[in-house]
Amino acid sequence: STSISRPEYGLCLGSVMKLLAWVQYTDKVLGGDSKFFRIRINPKYEGDLGLLAHEHEHVRQWYMVTNISFFLMCTACLIFYPIVLTHPLTVLMLLFYSSMVYNAATMMSKKIRFKVEVACYAKQIKMYPEEHTERYLKHFSKFIVENYELNVSQEDARNALVEALY
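Here is what the cut-offs are and how they apply
- Residues numbered from 1 in each chain as written.
- Predicted model: local features only at pLDDT ≥ 70, side-chain atom pairs only at ≥ 80, totals over all residues.
- Heavy atoms only, no water.
- Helix = DSSP H or I, 4+ residues; strand = E, 2+ residues; numbered from the N terminus.
- Buried < 20%, exposed > 50% of the residue type's maximum accessible area, 1.4 Å probe, protein only.
- Polar contact = N/O pair within 3.5 Å; in protein donor to acceptor, adjacent residues only side chain to side chain.
- Contact = heavy atoms within 4.5 Å.
- Expected span 1.5 Å × (residues − 1).
- Pairing = 2+ DSSP bridges.
- Phe/Tyr/Trp six-rings, centres within 6.5 Å; stacked < 30°, edge-to-face > 60°.
- Salt bridge = Lys/Arg side-chain N within 4 Å of Asp/Glu carboxyl O.

A. Here's a closer look at the side chain of S141. Note that S141 resides in helix α4 (residues 133-147). Look at S141 and you get buried, because its relative accessible area is 1%. Side-chain polar atoms of S141 contact the backbone oxygen of K138, separated by 3.1 Å. Contacts of S141, omitting those with residues within four sequence positions, involve Y136, Q154, A157, R158 and L161.

Shown next as structure tokens:
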């Protein structure tokens, strides 16, 4: 498997996931975040493969939603106005709009954001030793409730994490 290098800036094709992602280590984030295919992680969490797996899951979801959105938009153009796809700028515009769907959906819908974060935290928990799973379930369910303004209880967050894990 490919080793994961940790440059200040760089591309990462790591053993956690086989997707191209730009990983940046910066103290501009508390833990980690991702937008599109860019991942930012605080240097104090550099060796935390769980956090990297969490952010890679966001990138994987972004790739998936972007591809599906692009396919659907192109299909709609083929059905309703096929001539538009002959212009390269139109195709680039569709690709641009497709790349925005994931971020827009997670910002506008608490239900989608909850499902997305649960999937990412489940990936993160799986990267840690199994004997600590219960501790991480408690920690991350509390973190989801306190930091994402999703109007869910800690019990609901924990149950969703357990369901995603098993």
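Okay, back to it.
B. Inspection of helix α2 (residues 88-108) at higher detail. In this model α2 runs 30 Å from its N-terminal to its C-terminal C-alpha over 21 residues, within 8% of the 30 Å that 1.5 Å per residue would give. Among all positions of α2, only T90, L94, S98, S99, Y102, N103 and T106 are buried. Looking at the buried side of α2, the elements it contacts are β3 (32-35), α1 (49-80) and α3 (110-126).

C. Region of the structure containing the pairing of strand β2 (residues 21-25). Counting buried residues in β2 gives four out of five residues, a clear majority hidden from the surface. With four bridges joining them, β2 and strand β4 (residues 38-41) adopt parallel strand pairing. When the bridges of β4 are listed, Q24 appears paired with R40.

D. Focus on α3. Helix length check: α3, at 17 residues, gives a terminal C-alpha distance of 24 Å against a target of 24 Å (1.5 Å per residue), a fit within 8%. Buried within α3 are the following residues: F114, V116, E117, V118, C120, Y121, A122, Q124 and I125. Turning to α3, the residues buried within the fold contact α1, α2, α4 and α5 (154-165).

E. Just the packing of aromatic side chains, in detail. Within this structure, the stated rule accounts for 10 aromatic pairs. Measuring from centroid to centroid gives 5.9 Å for F36 and W62, while their planes differ by 80 degrees, and the two rings are edge-to-face. You can see F36 sitting in the loop between β3 and β4 and its partner W62 sitting in helix α1, a full 26 residues away along the chain. Members of the aromatic cluster, each reached through a chain of ring pairs, are Y121, Y128, Y136, F140, F143 and Y148.

F. Here's a closer look at the pattern of salt bridges. Tallied over the full model, the rule gives five salt bridges. Between R40 and D33 there is a salt bridge; the shortest N-O distance is 2.8 Å. Among the ionic pairs, R60 bridges to E57, the shortest N-O distance being 2.8 Å. Taken together, the positions of R60 and E57, both in helix α1 and three residues apart, correspond to about one turn of that helix. By relative accessible area, R60 is classed as partly exposed at 31%. Take E57: its relative accessible area is 3%, and that puts it in the buried class. A cluster of three or more residues bridged by salt bridges with shared partners is formed by D33, R38 and R40.

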